[in-house]
Amino acid sequence: MEYIKNYITQNKDRFIEELIELLKIPSISADSAYKEQTFKTADEVKKRLIEAGADKVEICQTDGYPVVYGEKIIDTNKPTVLVYGHYDVQPADPINLWESPPFEPIIKKTTIHPEGAIFARGACDDKGQFYMHVKAFELMMKTNTLPCNIKFMIEGEEEIGSENLGTFVKQNKVKLKADVILISDTGIIANDVPSITTGLRGLSYLEVEVIGPNRDLHSGLYGGAVANPINILTKMIASLTDENNHITIPGFYDKVVNLSDAERQEMAKAPITDKNYLESLNIAAVHGEKGYTSLERVSIRPTLDVNGIWGGYIGEGAKTVLPSKAYAKISMRLVPHQISDEITELFSKHFESIAPKSVKVKVTPHHGGAPYVTPTDFNGYIAAKKAMETTYGKTPIPVRSGGSIPIVALFEKELGLKSVLMGFGLDSDAIHSPNEHYGIFNFLKGIETIPLFFNYYSEK
Ligand code: BES
Ligand code: MN
Ligand code: MN
């Protein structure tokens, strides 16, 4: 496809410059200190969509951060692709572990990205990835090659659970009418091993509080006779998994769909080995549920992880205190057909039941989301497969991912639409971590592949 390659060669420096400008705005949805900047990012996205050639571009207000919408309808008899992405990013902390400031993007070469990568919060998740769609759209407009209708829906609350997007989708079914959803917010196995994501895990996220005595106590005067909430909390958490790393919450696995041996054998063909984990993470061994491979543990099996734990004295030096309270944030990744609300309920009941009389516990649910699995034989997947085959020269491998994009299951439920998860990031791009980056190769490859998706999808 010469016209695509030519357009990219002529414009790639500008594409990168524009992405860098977008990355400079700290659109951290989780932190209200960045409220103004997050709204400003929505305005910026609107501007970019207009410049790329979209019509009816608007900022759609919600009870939280707005959704940016835009469209180009060329022929109502032709199919419509709805592109989804998110302009919000994760908080940057721990800030001291960044080698360069998170909102001052710089390009550096790495072993994995010899052509350079852009280092900034949101570079890969998801500004760099949704921006590929804006630029691929510009390319199709400028070369007069847009083969079907396109709609954009770029939201600003993905990283905090898309809580207002459900309502937005329900209230805007006509506006969002489409034939398929196209999303680049996932990854590929490696730059020479293309893959397409065929599944996402669901999520159940909550916070627990263990309450002991009514005030902090001298750990000498009281220690030994009064329950220490941190000691209790850590014991309770430890009991949530057994010696096989199986989750002990009664009923937790009841709805889990077990894969057939044939399906597991098919999965095992993906070139992802424990060696990848050991070397890239500098660990001596992997860890997980007995009876499953690492790839299975991060995709077809549910998990429970503590995301944060605190209480007591954590300042400099020592303080002999028996704290009054202890806290933890806990998340569970879910697989078909586990239901987030049910799992949250099972967790809460169990957690309350295992608490000794010496403490009180409080469980506060945060957001959740349903798991999602796509077939590989529907027209959207096939179009993505053909597009990647053309640009990578290899057939992409279907892989179920361990991450979550809760809104994807909701799109299916409310709009009746399947999503194509054609992402271009790498696991090593450090999303949600310090020094997040996105390869220039990946960014440009995405812009090259997307127009081909549109072409194949529009072929009848
Ligand atoms: N883009 C990620 C999810 C992802 C990344 C899926 C890589 C597959 C591969 C998304 O922005 C994300 O971080 N989602 C959150 C869930 C949300 C409710 C906070 C997650 O997975 O933790
Ligand atoms: Mn994302
Ligand atoms: Mn994310």
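It should be emphasised that the depicted structure is a prediction, and the values quoted were computed from it without experimental measurement.

The rules behind the values
Residues numbered from 1 in each chain as written. Chains lettered and ligands numbered in written order. Predicted model: local features only at pLDDT ≥ 70, side-chain atom pairs only at ≥ 80, totals over all residues. Heavy atoms only, no water. Pairing = 2+ DSSP bridges. Helix = DSSP H or I, 4+ residues; strand = E, 2+ residues; numbered from the N terminus. Expected span 1.5 Å × (residues − 1). Buried < 20%, exposed > 50% of the residue type's maximum accessible area, 1.4 Å probe, protein only. Arc of directions from axis to C-beta. Phe/Tyr/Trp six-rings, centres within 6.5 Å; stacked < 30°, edge-to-face > 60°. Lys NZ or Arg CZ within 6 Å of the ring centre and 35° of its normal. Axes fitted to C-alpha atoms, helices over the stretch in contact; angles between N-to-C directions. Parallel < 35°, antiparallel > 145°, perpendicular 65-115°, else oblique. Left-handed = near helix turned anticlockwise from the far one by under 90°. Contact = heavy atoms within 4.5 Å. Nonpolar A, V, L, I, M, F, W, Y, C, P; charged D, E, K, R; others polar. Salt bridge = Lys/Arg side-chain N within 4 Å of Asp/Glu carboxyl O. Donors = N, O, S within 2.8 Å, 3.2 Å for Na, K, Ca; no water. Tetrahedral: all angles 85-135°; square planar, octahedral: opposite > 155°, others 65-115°. Near = heavy atom within 4 Å. Polar contact = N/O pair within 3.5 Å; in protein donor to acceptor, adjacent residues only side chain to side chain. Areas by Shrake-Rupley, 256 points an atom, 1.4 Å probe, with all protein chains shown as cover. Domains from an automatic or database assignment. Buried area = accessible area lost by both parts, 1.4 Å probe.

This part covers the pairing of strand E13 (residues 325-334). For a regular strand, side chains alternate in direction, first toward one face of the sheet and then toward the other. Pairing between strand E9 (residues 202-211) and E13: 10 bridges, direction antiparallel. Note that in E13 the partner of Ile211 across the bridge is Lys325. As judged from the eight bridges shared by strand E11 (residues 303-311) and E13, these two strands associate in the antiparallel manner. Paired with Ile309 across the strands is Ala328, a residue of E13.

It is worth spelling out helix H10 (residues 379-392) at this point. Compared with the 20 Å implied by 1.5 Å per residue over 14 residues, the 20 Å span of H10 between its first and last C-alpha is a close match. Every buried residue of H10 is accounted for by Gly380, Tyr381, Ala383, Ala384, Ala387, Met388, Thr391 and Tyr392. Down the axis of H10, the sector holding all buried residues measures 160°, keeping them to one side. Note on H10: the residue one or two positions beyond its end, Gly393, has a positive phi of about 70°.

Attention now goes to the packing of aromatic side chains. Inspection of every chain in the model, using the stated rule, returns 11 aromatic pairs. Cluster of aromatic residues (ring-pair linked, three or more members): Phe453, Phe454 and Tyr457. The cationic tip of Lys175 hangs over the ring face of Tyr69; the distance from NZ or CZ to the ring centre is 5.0 Å.

Turning our eyes to something else, we now look at the packing of helix H1 (residues 2-23) against helix H3 (residues 127-142). Any two packed helices are characterised by how steeply their axes cross, that is the angle between the axes, and by the distance between the axes. Direction vectors running N to C along H1 and H3 enclose 140°, while the axes themselves pass 10 Å from each other. When the axes of H1 and H3 are compared, the pair comes out oblique. For the crossing formed where H1 meets H3, the hand is right-handed. Taken together, the residues of H3 that come into contact with H1 (itself represented by Tyr3, Ile4, Tyr7, Ile8, Arg14, Phe15, Glu18, Leu19, Leu22 and Leu23) are Lys127, Gly128, Phe130, Tyr131, Lys135, Glu138, Leu139 and Lys142. The residue makeup of the contact of H1 with H3, split by class, is 11 nonpolar, one polar and six charged.

It is worth spelling out the pattern of salt bridges at this point. Taken as a whole and assessed by the stated rule, the structure comprises 25 salt bridges. Here Lys47 and Glu44 are joined by a salt bridge, their closest N and O atoms 3.6 Å apart. With Lys47 and Glu44 both in helix H2 (residues 35-52) and three residues apart, this pair spans about one turn of that helix. For Lys47, a relative accessible area of 42% translates into the label partly exposed. A residue is classified by how much of its surface remains accessible, and Glu44, at 17% relative accessible area, is buried. Between Lys445 and Glu448 there is a salt bridge; the shortest N-O distance is 4.0 Å. Within this pair, Lys445 and its partner Glu448 are both found in helix H12 (residues 440-458), separated by three residues, close to a single helical turn. In this pair, the class of Lys445 matches that of Glu448, namely buried.

Moving on, we come to the coordination of the manganese ion (ligand 2). Each protein donor to the manganese ion (ligand 2) is listed here as His86 (NE2), Asp125 (OD), Asp185 (OD) and Asp185 (OD); together their distances run 2.0 to 2.4 Å. Every donor counted, the six donor atoms about the manganese ion (ligand 2) form angles of 56 to 165° at the centre, which fits irregular coordination. Counting the intervening residues between successive donors of the manganese ion (ligand 2) yields the motif H-x38-D-x59-D. In this structure, the manganese ion (ligand 2) lies 3.6 Å away from the manganese ion (ligand 3), the two metals sharing Asp125 as a donor. Taken together, the residues span a long stretch of sequence, with His86 in strand E3 (residues 80-86) and Asp185 in the loop between strand E7 (180-183) and strand E8 (195-200) at a distance of 99 residues. Here His86 and Asp185 have matching classes, each one buried.

Our focus in this paragraph is the coordination of the manganese ion (ligand 3). Protein coordination of the manganese ion (ligand 3) is provided by Asp125 (OD), Glu159 (OE), Glu159 (OE) and His432 (NE2), with donor distances spanning 2.1 to 2.5 Å. Around the manganese ion (ligand 3) sit six donor atoms, and with donor-metal-donor angles ranging over 56 to 154° the site reads as irregular. As a motif over one chain, the donors of the manganese ion (ligand 3) read D-x33-E-x272-H.

Every one of the 18 residues lining ligand 1 counts as a neighbour, but Glu158, Asp185, Arg333, Ser404 and His432 are closest to it. Within the contact set of ligand 1, a nitrogen atom lies 2.8 Å away from a side-chain nitrogen or oxygen of Asp185. A distance of 2.8 Å separates a nitrogen atom of ligand 1 from a polar backbone atom of Ser404. For ligand 1, whose unbound accessible area comes to 520 Å², protein coverage reaches 88%. In terms of residue class, the shell around ligand 1 is built from five nonpolar, eight polar and five charged. Shared between two domains, the shell around ligand 1 takes at least three residues from each, and those domains are domain 1 (2-200 + 371-458) and domain 2 (202-256 + 302-369).

Right, let's get into helix H11 (residues 407-415). Ile407, Val408, Ala409, Phe411, Glu414 and Leu415 are the residues of H11 that are buried. Downstream of H11 by a residue or two, Gly416 has a phi angle that is positive, lying close to 65°.

What follows is about the sheet that holds strand E4 (residues 106-108). The strand order across the open sheet formed by three strands is E4-E5-E18, and the pairing between neighbours is antiparallel. Sheet topology places E4 and strand E18 (437-439) at the edges, where each strand pairs with a single neighbour. Direction aside, the axes of adjacent strands within the sheet are offset by 30° on average. With three bridges connecting them, E4 and strand E5 (residues 117-119) associate as antiparallel partners. Counted as the bridge partner of Ile107 is Ile118 from E5. Relative to E5, H1 is tilted by about 20°, and along the sheet it contacts E4 and E5.

So, about the side chain of Asn164. The topology assignment puts Asn164 in the loop between strand E6 (149-155) and helix H4 (165-171). Classification of Asn164 by relative accessible area gives buried; the value is 19%. Beyond its immediate stretch of four places on either side in the chain, Asn164 contacts Thr62, Asp63, Gly64 and Glu157.

Structurally, the protein chain comprises domain 1 (2-200 + 371-458) and domain 2 (202-256 + 302-369). Computed over C-alpha atoms, the centres of domain 1 and domain 2 are 35 Å apart. Summed over both partners, the interface of domain 1 with domain 2 comes to about 710 Å²; 62% of that surface belongs to carbon and sulfur atoms. Among the residues of domain 1 in contact with domain 2, Pro371, Ser404 and Pro406 are the three that bury the most area, contributing 58% of the side total. Classifying every residue of the side of domain 1 that touches domain 2 by side-chain character gives five nonpolar, four polar and two charged.

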